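Residues per chain, in single letters:
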Protein chains: 6
Amino acid sequence: MSCRRALFLGRFQPFHNGHLEALKWILEREPEVVLAIGSAQYSHSFRNPFTVGERLEMIQAVLRAENLADRVMVSVVPDTDNEHSLWVRLVVSWSPCFDKVYTNDPLSQLLFREEGFQVEGIPFHEREVLEGTRIRKLMAEGGDWEKYVHPRVAEIIKRIRGDARIAELYRLSPA
Amino acid sequence: MSCRRALFLGRFQPFHNGHLEALKWILEREPEVVLAIGSAQYSHSFRNPFTVGERLEMIQAVLRAENLADRVMVSVVPDTDNEHSLWVRLVVSWSPCFDKVYTNDPLSQLLFREEGFQVEGIPFHEREVLEGTRIRKLMAEGGDWEKYVHPRVAEIIKRIRGDARIAELYRLSPA
Amino acid sequence: MSCRRALFLGRFQPFHNGHLEALKWILEREPEVVLAIGSAQYSHSFRNPFTVGERLEMIQAVLRAENLADRVMVSVVPDTDNEHSLWVRLVVSWSPCFDKVYTNDPLSQLLFREEGFQVEGIPFHEREVLEGTRIRKLMAEGGDWEKYVHPRVAEIIKRIRGDARIAELYRLSPA
Amino acid sequence: MSCRRALFLGRFQPFHNGHLEALKWILEREPEVVLAIGSAQYSHSFRNPFTVGERLEMIQAVLRAENLADRVMVSVVPDTDNEHSLWVRLVVSWSPCFDKVYTNDPLSQLLFREEGFQVEGIPFHEREVLEGTRIRKLMAEGGDWEKYVHPRVAEIIKRIRGDARIAELYRLSPA
Amino acid sequence: MSCRRALFLGRFQPFHNGHLEALKWILEREPEVVLAIGSAQYSHSFRNPFTVGERLEMIQAVLRAENLADRVMVSVVPDTDNEHSLWVRLVVSWSPCFDKVYTNDPLSQLLFREEGFQVEGIPFHEREVLEGTRIRKLMAEGGDWEKYVHPRVAEIIKRIRGDARIAELYRLSPA
Amino acid sequence: MSCRRALFLGRFQPFHNGHLEALKWILEREPEVVLAIGSAQYSHSFRNPFTVGERLEMIQAVLRAENLADRVMVSVVPDTDNEHSLWVRLVVSWSPCFDKVYTNDPLSQLLFREEGFQVEGIPFHEREVLEGTRIRKLMAEGGDWEKYVHPRVAEIIKRIRGDARIAELYRLSPA
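Now for a look at the structure at hand. (Residues numbered from 1 in each chain as written. Chains lettered and ligands numbered in written order. Predicted model: local features only at pLDDT ≥ 70, side-chain atom pairs only at ≥ 80, totals over all residues. Heavy atoms only, no water.)

Structural notes on the overall build of chain A
Looking only at helices and strands, chain A features seven helices and five strands. Listing each helix as α and each strand as β along chain A from the N terminus yields β-α-β-α-β-α-β-α-β-α-α-α. In terms of overall size, chain A behaves like a compact globule, its C-alpha atoms giving a radius of gyration of 16 Å where 175 residues would be expected to give roughly 16 Å. The dimensions of chain A, computed from C-alpha atoms along their principal axes, are 50 × 35 × 25 Å. Split into buried and exposed, the 175 residues of chain A put 62% on the buried side. If you take every contact in chain A between residues at least 6 apart in sequence, the share linking residues at least 24 apart comes to 68%. When the accessible surface of chain A is summed, it comes to about 6,800 Å², and 46% of that surface belongs to carbon and sulfur atoms. Positive and negative charge centroids in chain A, built from 23 and 25 side chains respectively, lie 3 Å apart. (Helix = DSSP H or I, 4+ residues; strand = E, 2+ residues; numbered from the N terminus. Rg over C-alpha atoms; globule rule 2.2 N^0.38 Å. Buried < 20%, exposed > 50% of the residue type's maximum accessible area, 1.4 Å probe, protein only. Contact = heavy atoms within 4.5 Å. Areas by Shrake-Rupley, 256 points an atom, 1.4 Å probe, with all protein chains shown as cover. Lys, Arg positive; Asp, Glu negative; His and termini not counted. Charge placed at Lys NZ, Arg CZ, Asp CG, Glu CD.)

Right under this line is the structure:
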């Protein structure tokens, strides 16, 4: 069934400027986007510091501030803990209808292609994906991380003391 | 922590006019609302016919059409399968920050109150809650269900043939 | 992808003559069959008395005795506990490739059709499906159940004292 | 391996005088008892109102008050949600070593006997088992429930307002 | 209870000539074998590339081609995610009756021995076990992997493009 | 609600003299202690060799021998498999009421502090925590581990051949 909507997949730990650029790039090509927040059930590790509720709040704040809420729907998808063959179906059930997928994650590309979906990479996004780790490291080390995220995201992270949380998690296990 | 945001809880199977009225009534009292879709993992039963992705799509369509997207965030919360003592914490982790709860469901009221939350009922909403079952029965029996939901919801239900699905599920087990 | 193989779904509690007839009827129409044992994780209730290992053993014994092993593969599929939207994908991942489904179960029919599978009923099988309960009741009440199952099935049930188990489970909750 | 210890199984919702009598009766016959609290993960339903932590606290308080702590160890066992064939092994892994089982629950008797355990009923206990429901109903209806439980249990239930919780849960679904 | 049947355990990713040799070696010693496919729920990683349905299909094809189907039953067992104390019981419940275990996996040996099973190693099999990784590496690097598996296995892997899948998974994480 | 009880958290693999010293140190400061055994569902790995039942038995034996049973209650808490935001609530539901937490584990400290609990470290305990690994290594290598645990713990470990189990698990994966 044709929905004229594309899926944009990520963990968004946190949602940063690279994600925002990628989203805008997709919106130039597609009428509507489902932004799917993955690994929903995880939080409080250096790799996944924020709860999905905190990530939802950051993303909705940016969508409003950037006037994108009319063309972007946000969904939330739990991880299947290595039951990879169920994951695409889970994304489909937990998201509004979509018929095309944008992601640079190789496993997601493989899984969606095997299920017959059209999958596209995001040209400059791979570099940005790496920023997730870099930004979390900056937070852990007290560096200047704020310029890499939207002001509304920075505000929320500071309100929930997310930078202190990440610093503690980084000392625990920096991987 | 004060967030100046209220939670509005439901399964929204489907999102109908009673829900929309209740949401507007809450928005007269609160600056912002988190609308939390519960029992996220269930679908394809008469009680829970729609996937959470389908419910998300219906609700986002109504929020846009009614110009409510600026004051309402939508979250999604799985059921804990009778591990009731974890449920409030799950709602908190999966939703943007909130500090007050609107619901007429007695178990939700009990659980949130035990965790120290302020909980309020929705005066005329109880009757509306019943409409969920009534509307699904109308669908199952080919009655005139459309007038009880927003036109955008009716459109989505018809596109995914939700009324035929419900008719089949009703024959299976009408409880 | 075309596999020229059909799926035959059931819980097979136990595998009885109605199932065997249905299987033979399908084998007249299809070159090969995947016999999928559902609700794999459940046992020791009146509705699901036998473990999936016990059911596997009964079915393999009949396939050998009836010289059907060359055209029938047996798979095993756990239940998804009401996460119905994942179930078809689970059957696909846990079974050898198939492209057509034979079942009289209305929910299975609905779920497979929504995923685009061709689904066929088994004409005289519905009556037989009911025999599952009837045979279990006969066992519970010490009736003459043996004539409704293959001699190899009867042998296994007696060896594991399955009839005594069912009698106890029936007293517990006969539903 | 011989442990000279017997298992006493229950949900203990709440631990009442019938349970205490049964425990003392077993202690006349056995050198040591493992008291296993089942359905550990459930709470906040009329059938299972108390968390396992609350039940642990009640039982430990009684064991101390009655000077039984030296001969009774308390273990905690989650339910397997109908995967009955795993349940005995779960009880074994979650409990100190035991080699005999006391219970009047027919399903537990069946499952432990199939695994080769010696299982004994508790003569007058069946009647007492029923008291669980009766005591919860008395709480729900404001009756005189306190005389059916140990004073230390009554104290804890009143401190956590367990009677009010049960009254609300009973109105919700009295089954 | 004596079943005169031995268990042969493996993940069979994929089923290769080392496994076939081991199976034949066991069949020289035992009247019947239950071949149990472990880690059933996992797929799409370099270590576990194939779904359990794909592995079932490969193994059944070899059993038929080699005329072994009359003496081998295939079962399927999910992993318990580190709840190791339940695993033996899970294998027992999900497999036809067996009373002896053949495996070179040290953890399986430990777990089955603790539950009182007779466990035997397979003399030359350890080397073969290593072939699983070696064959997957050959696939990932476009080497000549086909000679290490049965022609029917090679056929299925090529039909489902398993070698391309493994090449992608290897690039993702070659561990 | 004030309970005048402190929580002492650990995996206790096994319960050793460092744990006992820490417990006595806490009992000098607090009227009562809940000793919570974490990672309850895991066993049979080098890091978590003992089942929770075995750990319960060791700890109860020491509490009795040291006359501490009157001031210590033992609870059991499963791991949440990286769903860290639910873990504190799980500890609360599975344990008798407590209002203060003693632990040197940095993640536990972070999680309990975020939920508003008072958390204290145990001065000399960090060194002791390391003894868990050291004692397991001594067992694996046939060293003199017995002097690091209470005689009652040594007795139980030898009865269940825990040292041989650990030696095998260490060869498997010494991490």
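Some thoughts on unusual backbone geometry
The omega torsion of the bond from Gln13(B) to Pro14(B) falls at -5°, within 30 degrees of zero and hence cis. Structurally, Pro14(B) is set in the loop between β1 (6–10) and α1 (17–29). Located in the positive-phi region is Asp81(E), a residue other than glycine, with phi close to 50°. Within the fold, Asp81(E) resides in the loop between β3 (72–76) and α3 (87–94). Asp81(E) sits in the partly exposed class, given a relative accessible area of 39%.

Side note on the interface of chain F and chain A
Between chain F and chain A, the contact holds 10 residues from the first and 10 residues from the second. Between chain F and chain A lies a buried interface of about 830 Å² when both sides are counted; carbon and sulfur atoms form 61% of it. Between the two partners, chain F and chain A, sit one salt bridge. The salt bridge involving Glu114(F) is made with Arg165(A); its shortest N-O contact spans 2.7 Å. Our enumeration of links across chain F and chain A arrives at two residue pairs in polar contact (both at pLDDT 80 or more). Here the residues of the side of chain F that touches chain A sort into four nonpolar, three polar and three charged. (Buried area = accessible area lost by both parts, 1.4 Å probe. Salt bridge = Lys/Arg side-chain N within 4 Å of Asp/Glu carboxyl O. Polar contact = N/O pair within 3.5 Å; in protein donor to acceptor, adjacent residues only side chain to side chain. Nonpolar A, V, L, I, M, F, W, Y, C, P; charged D, E, K, R; others polar.)

Some thoughts on the relation of the copies chain A and chain B
Superposing chain A onto chain B takes a rotation of 180° combined with a translation of 0.0 Å along the rotation axis, leaving an RMSD of 0.0 Å. The transformation just described matches what one would write down for a two-fold rotation axis. A shared interface surface links the copies, since 100% of the contact residues of chain A are contact residues in chain B too. (Least-squares fit on C-alpha atoms with pLDDT ≥ 70 in both.)

Structural notes on the sheet that holds strand β4 (residues 100–102) of chain D
Strand pairs in the sheet, formed through backbone hydrogen bonds, run parallel or antiparallel to each other. Residue and element names in this part refer to chain D. Taken in spatial order, the five strands line up as β3-β2-β1-β4-β5 in an open sheet, and their pairing is parallel. This sheet does not close on itself; its edge strands, each paired only once, are β3 (72–76) and β5 (118–120). Put simply, the sheet's adjacent strands are angled 25° from each other on average, direction ignored. Across three bridges, the pairing between β4 and β5 is parallel. For Lys100, the partnering residue across the bridge sits in β5 and is Gln118. (Pairing = 2+ DSSP bridges. Axes fitted to C-alpha atoms, helices over the stretch in contact; angles between N-to-C directions.)

Overview of the sheet that holds strand β2 (residues 33–37) of chain A
Residues and elements named next belong to chain A. With parallel pairing, five strands are arranged side by side in an open sheet as β3-β2-β1-β4-β5. Sheet topology places β3 (72–76) and β5 (118–120) at the edges, where each strand pairs with a single neighbour. Within this sheet the neighbouring strands show an average axis-to-axis angle of 25°, counted without direction. In this sheet, strand β4 (residues 100–102) lies alongside strand β1 (residues 6–10) in parallel orientation, the contact comprising three bridges. Across the sheet, the residue bridging to Ala6 is Lys100, located in β4. Packed onto the sheet, helix α2 (residues 52–65) meets β2 and β3 and runs at close to 175° relative to β3.

What to know about the side chain of Arg5(B)
Tracing the backbone shows Arg5(B) in the segment before β1. Relative accessible area serves as the criterion here: at 8%, Arg5(B) is assigned to the buried category. At 2.8 Å, the side chain of Arg5(B) and the side chain of Glu32(B) are in polar contact. With residues up to four places along the chain from it excluded, the contact list for Arg5(B) reads Glu57(A), Glu32(B), Val33(B), Val34(B), Met73(B), Pro96(B), Cys97(B), Phe98(B), Asp99(B) and Lys100(B).

A few points about the pattern of salt bridges
Side-chain pairing between opposite charges can occur once the charged atoms of the two side chains come close. Across all of its chains, the model carries 90 salt bridges over all chains by this definition. Between Arg152(A) and Glu155(A) there is a salt bridge; the shortest N-O distance is 3.4 Å. Here the residue Arg152(A) and the residue Glu155(A) both occupy positions in helix α6 (residues 151–159), the gap between them amounting to three residues, near one helical turn. Among the charged side chains, a network of salt bridges with common partners joins Arg5(A), Glu32(A), Glu57(B), Arg64(B) and Arg159(B).

Concerning the arrangement of the chains
In this assembly chain A lies apart from chain D, the nearest approach of their C-alpha atoms being 19 Å. Spatially, chain C and chain F are disjoint, and the shortest separation between their C-alpha atoms is 19 Å.

Focus: the state of the cysteines
All names here are of chain A. Taken as a whole, this structure holds six disulfides over all chains when the rule is applied. Here Cys3 connects covalently by a disulfide to Cys97, the sulfurs 1.7 Å from one another. Of this pair, Cys3 sits in the segment before β1 while Cys97 sits in the loop between α3 (84–94) and β4, placing them 94 residues apart in sequence. Cys97 carries the same exposure label as Cys3, and that label is buried. (Disulfide = S-S within 2.5 Å.)

What to know about the interface of chain A and chain B
Between chain A and chain B, the residue contacts involve 28 residues of the former and 28 residues of the latter. Across the chain A to chain B interface the summed buried area is about 2,100 Å²; carbon plus sulfur atoms make up 60%. For the interface between chain A and chain B, the tally reads four salt bridges. Among the ionic pairs, Glu57(B) bridges to Arg5(A), the shortest N-O distance being 3.3 Å. On the surface where chain A and chain B come into contact, there are 15 residue pairs in polar contact (both at pLDDT 80 or more). Of all the elements in the fold, those that place two or more residues in the side of chain A that touches chain B are α2, β3 and α3 of chain A. Considering each element in turn, the side of chain A that touches chain B owes the most residues, six residues, to α2(A).

Considerations on the environment of Glu114(C)
Position of Glu114(C) relative to the elements: it lies in helix α4 (residues 106–114). For Glu114(C), a relative accessible area of 37% gives the class partly exposed. Taking the C-alpha atoms as reference points, Glu114(C) and Phe50(C), 64 residues apart in sequence, are found 31 Å from one another. If sequence neighbours within four positions are ignored, Glu114(C) has contacts with His44(B) and Arg165(B). Within polar-contact distance, the side chain of Glu114(C) engages the side chain of His44(B) at 2.9 Å.

Quick notes on the relation of the copies chain F and chain A
Each copy of the sequence occupies a distinct position, and chain F is placed on chain A by a rotation of 120° and an axial shift of 0.0 Å, giving an RMSD of 0.0 Å. As the rotation angle and translation indicate, the two copies are arranged about a three-fold axis. Using C-alpha coordinates, one finds that chain F approaches the rotation axis most closely at Asp81(F), a distance of 5.6 Å.

A closer look at helix α2 (residues 52–65) of chain D
Residues and elements named next belong to chain D. With 14 residues, α2 should reach 20 Å at 1.5 Å per residue; the first-to-last C-alpha distance of 20 Å fits that figure. The element α2 is largely enclosed, with a buried count of 13 among its 14 residues. Phi turns positive, to about 55°, at Asn67, one or two residues after α2. (Expected span 1.5 Å × (residues − 1).)

Points about the packing of aromatic side chains
Considering all chains together, one arrives at 51 aromatic pairs over all chains under this definition. Consider the rings of Phe46(E) and Tyr170(E), whose centres lie 4.9 Å apart with planes at 50°: the pair is tilted. Here Tyr170(E) lies in helix α7 (residues 162–172) and Phe46(E) lies in the loop between β2 (33–37) and α2 (52–65), a separation of 124 residues in the sequence. On the numbers, 5.6 Å between centres and 75° between planes, the contact of Phe8(F) with Phe12(F) is edge-to-face. Each member of the pair, Phe8(F) as well as Phe12(F), carries the same accessibility label: buried. By the ring-pair criterion, three or more aromatic residues cluster together here, those being Trp87(A), Phe98(A), Phe112(A) and Phe117(A). (Phe/Tyr/Trp six-rings, centres within 6.5 Å; stacked < 30°, edge-to-face > 60°.)

A closer look at the pairing of strand β3 (residues 72–76) of chain F
Residues and elements named next belong to chain F. Burial of β3 is extensive: five of the five residues sit out of reach of the surface. Neither face of β3 is exposed, since Val72, Val74 and Val76 on one face and Met73 and Ser75 on the opposite face are all buried. Sheet topology places strand β2 (residues 33–37) next to β3; five bridges connect them, and they run parallel. For Val34, the partnering residue across the bridge sits in β3 and is Met73. Taken together, β2, helix α2 (residues 52–65) and β3 form a β-α-β motif whose crossover is right-handed. (Right-handed = clockwise from strand over helix to strand, strands pointing away.)

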